[in-house]
Amino acid sequence: VAATEQALFARLFVNGPAIDVLVIQRGAGDLWRRTLQGGGALAPPPQPPLMGFALVPGVEQRQKIPLAPGQYYLVLDNSSRTGSVSPPFNPLGVLGGNAAVVSYVVELGDSDEQF
């Protein structure tokens, strides 16, 4: 996000179980990613998300996300460790039984624009 009065405009659709969508500042996201890539335990991000919402299957969701200038991650999470969604147990989970397939588009625009 390059300037004040800007927002991300996201359109998302999921096939599979519901997932959480989180917006995290880049610094916290980088730290979280390095910890996970280094073999750390799956845990919530080191800083609370700036915004989060559940993405339910079968319904396109549109979300306007006003943000201050800076860099951010849009995190798609299908674990029970972060956010409000807790995927149900599936014995086929190790074979991809809990897979969520997400289609999305994210654009940057003026925060006063209608979606």
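Computed from a predicted structure; not experimentally measured.

### Description of the side chain of aspartate 77
No. 1: With respect to the secondary-structure elements, aspartate 77 resides in strand β5 (residues 72–77).
No. 2: Judged by relative accessible area, which is 9%, aspartate 77 ranks as buried.
No. 3: Non-local contacts of aspartate 77, meaning those with residues more than four positions away in its chain, are made with Ile19, Asp20 and Thr82.

### With respect to a negative patch on the surface
No. 1: A cluster of acidic side chains, namely Glu5, Asp110, Asp112 and Glu113, defines a negative patch on the protein surface.
No. 2: Along the chain, glutamate 5 falls in the segment before β1 (6–15).

### Looking at a nonpolar patch on the surface
No. 1: On the surface, a nonpolar cluster with roughly 270 Å² of combined accessible area is contributed by Leu76, Tyr104 and Val106.
No. 2: A relative accessible area of 35% means that valine 106 is categorised as partly exposed.

### Regarding the pattern of salt bridges
No. 1: With the rule as written, the count across this model stands at four salt bridges.
No. 2: For arginine 11, the salt bridge identified is with glutamate 60, shortest N-O distance 3.0 Å. Placement of the pair is arginine 11 in strand β1 and glutamate 60 in the loop between β3 (51–55) and β4 (61–67), with a sequence separation of 49 residues.
No. 3: Looking at glutamate 60, the relative accessible area reads 39%, which means it is partly exposed.
No. 4: Notably, a salt bridge pairs glutamate 60 with arginine 62, separated by 3.2 Å at the nearest N-O pair.
No. 5: Look at arginine 62 and you get partly exposed, because its relative accessible area is 46%.
No. 6: Put simply, Arg11, Glu60 and Arg62 are held in one network by salt bridges that share partners.

### Quick notes on the sheet that holds β3
No. 1: Within the open sheet, the three strands sit side by side as β3-β2-β5. Their pairing is antiparallel. Every interior strand has two partners, whereas the edge strands, β3 and β5, have only one. Each strand axis lies, on average, 20° off the axis of its neighbour in the sheet, ignoring direction.
No. 2: In this structure, strand β2 (residues 19–25) lies alongside β3, joined through five bridges in antiparallel fashion. Counted as the bridge partner of isoleucine 19 is leucine 55 from β3.
No. 3: Set on the sheet, helix α1 (residues 26–37) makes contact with β2 and β5; between it and β2 the angle comes to about 115°.

Conventions and cut-offs
- Residues numbered from 1 in each chain as written.
- Predicted model: local features only at pLDDT ≥ 70, side-chain atom pairs only at ≥ 80, totals over all residues.
- Heavy atoms only, no water.
- Helix = DSSP H or I, 4+ residues; strand = E, 2+ residues; numbered from the N terminus.
- Buried < 20%, exposed > 50% of the residue type's maximum accessible area, 1.4 Å probe, protein only.
- Contact = heavy atoms within 4.5 Å.
- Patch = residues over 30% accessible without salt bridge, like charges linked within 9 Å, V, L, I, M, F, W, Y side chains within 5 Å.
- Areas by Shrake-Rupley, 256 points an atom, 1.4 Å probe, with all protein chains shown as cover.
- Salt bridge = Lys/Arg side-chain N within 4 Å of Asp/Glu carboxyl O.
- Lys, Arg positive; Asp, Glu negative; His and termini not counted.
- Charge placed at Lys NZ, Arg CZ, Asp CG, Glu CD.
- Pairing = 2+ DSSP bridges.
- Axes fitted to C-alpha atoms, helices over the stretch in contact; angles between N-to-C directions.

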